[in-house]
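A look at the structure
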Amino acid sequence: MTTSDKKKIQQDFKEKMDYDELLNCMRCGFCLPSCPTYIETGHQEKYSPRGRIALMKGITDGVIEPDDDIAHSLDLCLGCRACEPVCPSGVQYGHLLEDARSILQKHKKESVPVKILRKGIFTELFPHQNRLETATSLLGFYQRSGLPKVARKIGFMNLFPESMATMEKVLPEVPKRKEIRQRPRFFEHEGEKKATVALFAGCLMDTMFFSTNNATIRLLQKAGCDVVIPENQLCCGALHGHNGELEQAKEMARKNIEAFEASDADYIITNAGGCGAFLIEYDHILADEPEWAERAKLFVSKLKDISAILVAFDFQKTHHLKLPAQTVTYQDSCHLRNVMHTFREPRVLLQSIEGVKYEEMEGADTCCGSAGDYNIVQPKMAMQILDHKMGKVEKTQANTIVTANPGCLLEMKAGIERVGKTGQVRAVHIADLLLEALE
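Rules used in this analysis
Residue numbering note: each chain is counted from 1, following its sequence as written. Where local features are concerned, this predicted model is filtered to residues with pLDDT of at least 70; where side-chain atom pairs are given and counted, the filter is 80 or more; whole-chain, interface and lining totals use all residues. Calculation of side-chain values draws on the structure's entire complement of heavy atoms; hydrogens and water are dropped beforehand. Strands are runs of DSSP state E lasting at least two residues, helices are runs of H or I lasting at least four, and both sets are numbered from the N terminus onward. Restricting the calculation to C-alpha atoms gives the radius of gyration, and the globule rule supplies 2.2 Å times the number of residues raised to the power 0.38. For each residue, the accessible area found with a 1.4 Å probe, counting protein chains only, is set against the maximum for its type, and the residue is called buried under 20%, exposed over 50%, and partly exposed in between. In this description, contact between two residues means that some pair of their heavy atoms is separated by no more than 4.5 Å. Residue burial considers only the protein chains on display, and all accessible areas are found by Shrake-Rupley using a 1.4 Å probe. We treat Lys and Arg as the positive residues and Asp and Glu as the negative residues; His and chain ends play no part in the count. Note on charges: their place is set at NZ of Lys, CZ of Arg, CG of Asp or CD of Glu. Among the buried residues, those of types Ala, Val, Leu, Ile, Met, Phe, Trp, Tyr and Cys that are joined through side-chain atoms within 4.5 Å form a nonpolar core. Paired strands, as defined in this entry, are two strands with at least two bridges between them according to DSSP. Lines are fitted to the C-alpha atoms to define the axes, a helix being fitted only along its stretch in contact, and any angle between axes, read from their N-to-C directions, falls within 0 to 180 degrees. A helix's residues, less one, multiplied by 1.5 Å, set its expected span. Note on angle classes: values under 35 degrees are labelled roughly parallel, values over 145 roughly antiparallel, values of 65 to 115 roughly perpendicular, and the remainder oblique. Crossing handedness: left-handed means the near helix sits turned counterclockwise from the far one by under a right angle, and right-handed means the same turn made clockwise.

A few words on the overall build of the protein. The number of helices and strands found in the protein is 26 helices and nine strands. Computed over the C-alpha atoms, the radius of gyration of the protein is 22 Å, within 12% of the 22 Å expected from 2.2 N^0.38 for a compact globule of 439 residues. Within the protein, the fraction of its 439 residues that count as buried is 57%. Within the protein, residue pairs in contact and separated by at least 24 positions form 78% of the contacts whose partners lie at least 6 positions apart. Carbon and sulfur atoms make up 53% of the accessible area of the protein, which totals about 19800 Å². Taking the 55 positively charged and 60 negatively charged side chains of the protein as two groups, their mean positions are separated by 4 Å.

This part is about the nonpolar core. By size, the foremost hydrophobic cluster in this structure holds 98 residues, and its most contacted members are Tyr282, Leu310, Leu350 and Ile353. Not counting the four nearest positions on each side in its chain, isoleucine 353 is found in contact with Leu321, Lys322, Leu323, Leu433, Leu434 and Ala437. In this structure, Leu74, Leu97, Ile103 and Leu104 belong to the second largest nonpolar core, which totals 25 residues.

Pairing is parallel across the open sheet formed by four strands, whose spatial order is β7-β6-β8-β9. What marks the edges here is a single partner per strand, and that holds for β7 (354-358) and β9 (426-429). Averaged over all pairs of adjacent strands, the angle between their axes in this sheet comes to 35 degrees, without regard to strand direction. One ladder, built from four bridges, connects strand β8 (residues 400-403) with β9; its direction is parallel. Looking at the pairing, threonine 403 lines up with histidine 429 of β9.

Next up on the list: helix α15 (residues 246-261). Here α15 spans 22 Å end to end across 16 residues, near enough to the 22 Å set by a 1.5 Å rise per residue. For α15, the set of buried residues is Leu246, Gln248, Ala249, Lys250, Met252, Ala253, Arg254, Asn256, Ile257, Ala259 and Phe260.

Contact pair helix α4 (residues 49-61) / helix α5 (residues 68-75): the axes reach a minimum separation of 10 Å and the direction vectors enclose 140 degrees. In terms of orientation, α4 and α5 fall into the oblique class. Read as a crossing pair, α4 and α5 show a hand that is left-handed. Residues Arg52, Leu55, Met56 and Ile59 of α4 touch α5, and the partners they reach there are Ile70, Ser73 and Leu74.

Sheets are built from strands that pair by backbone hydrogen bonding, the pairs being arranged parallel or antiparallel. Ordered in space as β1-β3-β2-β4-β5, the five strands form an open sheet in which the pairing is mixed. What marks the edges here is a single partner per strand, and that holds for β1 (186-187) and β5 (303-305). Where helix α13 (residues 210-222) meets the sheet, its contacts fall on β1, β2 (195-199), β3 (225-228) and β4 (267-270), and the angle it forms with β3 comes to roughly 145 degrees.

Set out below in structure tokens:
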């Protein structure tokens, strides 16, 4: 990185970082015990929230030069935002992190292959749901062809990093593209009508986790909701926002707001904690755009997680939920808990199921290591966190681990695979488990 590049980065930090928010950090250290990377790195300050804020402020003040070590510190952050609920000053660390990453990404010197890869993922794939359907349908064809067994038998998967090879084993069965395309856009309520809701279908949720979306729709119908699936909705933009592509995330936010305005629904429902946490901050990322700021606020005011709307409508009291006897524990989605502040409702629903012995997991509120694409770009730290998490699961003696986010679900399935408990312990999305208990 040249001296000129460093000066440009410092200037961007000075112009674009929220300096008042940087000053809000009192360096008190309340965030330290809640930060997974601070703990996992042996309490290194530069991998803590207050340490990272100090680095951001140092660059902004011009007393620290940006370098690869600082970029690594920010990249190693999970973005779980567990530091925010415990901060006495209410520092919006997540906003600072995304702004800093966006600036560094803008000035990052990347090789041609990396540029092509990022453009393919962030520009050509995720903003286009039809292309994502095509891509995942190819995965579905691969799964149905019998090739996975052959690939594992001949050791082909050993050519990939261990984390990716493990993840390939636990991917859900992807439906055929025709099945996705033929699903209706409207579903009528059952029983007494409570509300009209619009489902944020998501990108991967509506392809790889299509069955979970269908389960969510059935639960909403049973709860007395007319369910609309707005056309023209896109990926929420979280992947872009967390990886320095903030401007593109804003464009996707505008398009999503426009798509959901047409539904005129009472509530907007999400079943993915990571998506919900980014959606609920549309008003923040569009705050400086007069044309969109108020529209974003209205969008955000309607947003609820599936568990929150079910409990609000007393679903667990008006429906008999029953499962074969089993011990269940719950792994919080960091973003659902720390950003959407939804953590009581999933537990209320699980504890209402007849046949379930609920065991609270020690550290259920700490990250599992998934964190969007973190387990792909930072596999060593992700697996270290996951292995410690599975030790906590073991203590509950649960045979069912419930999550509320697709990334967490895959991570827990990978954890089960890593500890050799496949077939003895299962991981399941809360919507799928509730429908199973209902039917």
